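# Results of the structural survey
Each chain is listed here by its residues.
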Amino acid sequence: MMPQVIDQIAEVAGYLWQKGWGERNGGNLTVRLETDDSEISSQTYGEAVPLGMTLPHIANRCFYVKGTQKRMRDMARDPMANGCIIRISETGNSFRYVTSPVTPTSELSSHLMAQNYLIESGSRYTATLHTHPIELVALSHHRDLLDDTSRPNRLTRTLWSMIPETLAFAPLGIDIVPYEVPGSVELAEATLKKIRDYDVVLWEKHGVFAVGQDIMDAFDQVDVLNKAARIYLDALTYTAVHPESQPEGMTAKAMEDVQRIFQLPKQRPC
């Protein structure tokens, strides 16, 4: 299983770079490795590195994590030189390196807190992804979208209405975390509250955080939502010339038909 997981990580890293979602060293990812010691040696390197928190549900688990200051375009070419595998301690408050040490992403806390919750809740999800999808980030600069607290929120309704596949393949929609300092515990805690109900969370003026059954699944959901955002923004370019014409979107009935035909879940599957 291990080589396939690492190959998939490299493939997704390449897509993120090609789309312009991983500029310089932007973005990061973490994948829980469902392995035994025949696949990953129990030997570890160096001293234990404190996590700064205790996450009991990820104790003894192994994760592939992107390295800090590493580039997605380089990860696509050589994932093990630009990331590493770590093993969480028995107490869940530190880690050691399983592969050659590459300092993990500065947003490791967000990823591991999410992973801890996913295991605690019995989820099949193993992957967490942070990236900078251009059109979704652009929409996060619009206060009227950010301040809407209805459920589903205005941003979700807008994206769902752009193309049937958005509702079909991102049926939980997207929620928003107000701006917090990147890499902060505050950002991690706010994100954790949101992913209890959403697979994709928009970090205001920053990027998105997504979870999925594997890293491709997490990427696909962001990809679908960002395409809807791009369609919406492209439609607005016509409005700039013809102010009387606003993007119409699918009707409520049309979206209900999609939900019925595809038998879409209203909450995350286990």
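Above this text sits the structure in question.
Okay, so let's go over this structure. Only a predicted model underlies this, so the values are computations on that prediction, with no experimental measurement involved. (Residues numbered from 1 in each chain as written. Predicted model: local features only at pLDDT ≥ 70, side-chain atom pairs only at ≥ 80, totals over all residues. Heavy atoms only, no water.)

### Section: the pattern of salt bridges
Tallying each qualifying case throughout the model produces 10 salt bridges. Salt-bridge contacts for Arg77 lead to Asp74; the nearest nitrogen and oxygen are separated by 3.2 Å. Taken together, the positions of Arg77 and Asp74, both in helix H2 (residues 72-77) and three residues apart, correspond to about one turn of that helix. Given a relative accessible area of 22%, Asp74 falls into the partly exposed group. Here Lys253 ties to Asp257 by a salt bridge, and the two come within 3.1 Å at their closest N and O atoms. Residue Lys253 and its partner Asp257 are located together in helix H10 (residues 252-262), separated by four residues, close to a single helical turn. (Salt bridge = Lys/Arg side-chain N within 4 Å of Asp/Glu carboxyl O. Helix = DSSP H or I, 4+ residues; strand = E, 2+ residues; numbered from the N terminus. Buried < 20%, exposed > 50% of the residue type's maximum accessible area, 1.4 Å probe, protein only.)

### Some thoughts on unusual backbone geometry
The peptide bond linking Arg151 to Pro152 adopts the cis configuration, its omega dihedral lying at -5°. Mapped onto the elements, Pro152 comes out in the loop between helix H5 (143-146) and helix H6 (154-160). The phi torsion at Asn60 lies on the positive side, around 70°, for a residue other than glycine. On the secondary structure map, Asn60 appears in the loop between strand E2 (45-50) and strand E3 (62-66).

### Regarding the pairing of strand E6 (residues 127-131)
Most of E6 is tucked away: five of the five residues are buried. Alternating residues of E6 divide into Ala127, Leu129 and Thr131 and Thr128 and His130, and every residue in both groups is buried. Where E6 meets strand E9 (residues 207-212), five bridges bridge the pair, whose relative direction is antiparallel. Bridged to Ala127 within E9 is Gly212. (Pairing = 2+ DSSP bridges.)

### Focus: helix H1 (residues 2-18)
End to end, H1 covers 25 Å across 17 residues, agreeing with the expected 24 Å (1.5 Å per residue, within 8%). Within the sequence span of H1, burial applies to Met2, Val5, Ile6, Ile9, Ala10, Val12, Ala13, Gly14 and Leu16. Contacts made by the buried residues of H1 are with strand E1 (28-33), E3, H2, strand E4 (83-88), E6 and helix H9 (215-241). (Expected span 1.5 Å × (residues − 1). Contact = heavy atoms within 4.5 Å.)

### Concerning the side chain of Thr156
Residue position: Thr156 is located in helix H6. Apart from the residues lying within four places of it in its own chain, the contact partners of Thr156 are Gly173 and Ile174.

### Structural notes on the sheet that holds E6
One open sheet holds the nine strands; their spatial order is E2-E5-E4-E3-E1-E6-E9-E8-E7, and the pairing between them is mixed. Strands at the two margins of the open sheet, each flanked by one partner only, are E2 and strand E7 (175-177). Each strand axis lies, on average, 25° off the axis of its neighbour in the sheet, ignoring direction. Looking at chain direction, E4 and strand E5 (residues 94-97) are connected through three bridges and run antiparallel. Following the sheet pairing, Arg87 is matched in E5 by Arg96. Docked against the sheet, H1 engages E1, E3, E4 and E6, running at close to 165° with respect to E1. Where helix H8 (residues 185-194) meets the sheet, it contacts E7, strand E8 (200-203) and E9, and its direction lies at approximately 165° from that of E7. (Axes fitted to C-alpha atoms, helices over the stretch in contact; angles between N-to-C directions.)

### Looking at the side chain of Asn28
Tracing the chain through its elements places Asn28 in strand E1. Of the polar contacts made by the side chain of Asn28, one reaches the side chain of Glu107; its length is 2.9 Å. In this structure, Asn28 is in contact with Lys66, Met72, Thr105, Glu107, His111, Thr128, Leu129 and His130, ignoring residues within four places of it in sequence. (Polar contact = N/O pair within 3.5 Å; in protein donor to acceptor, adjacent residues only side chain to side chain.)

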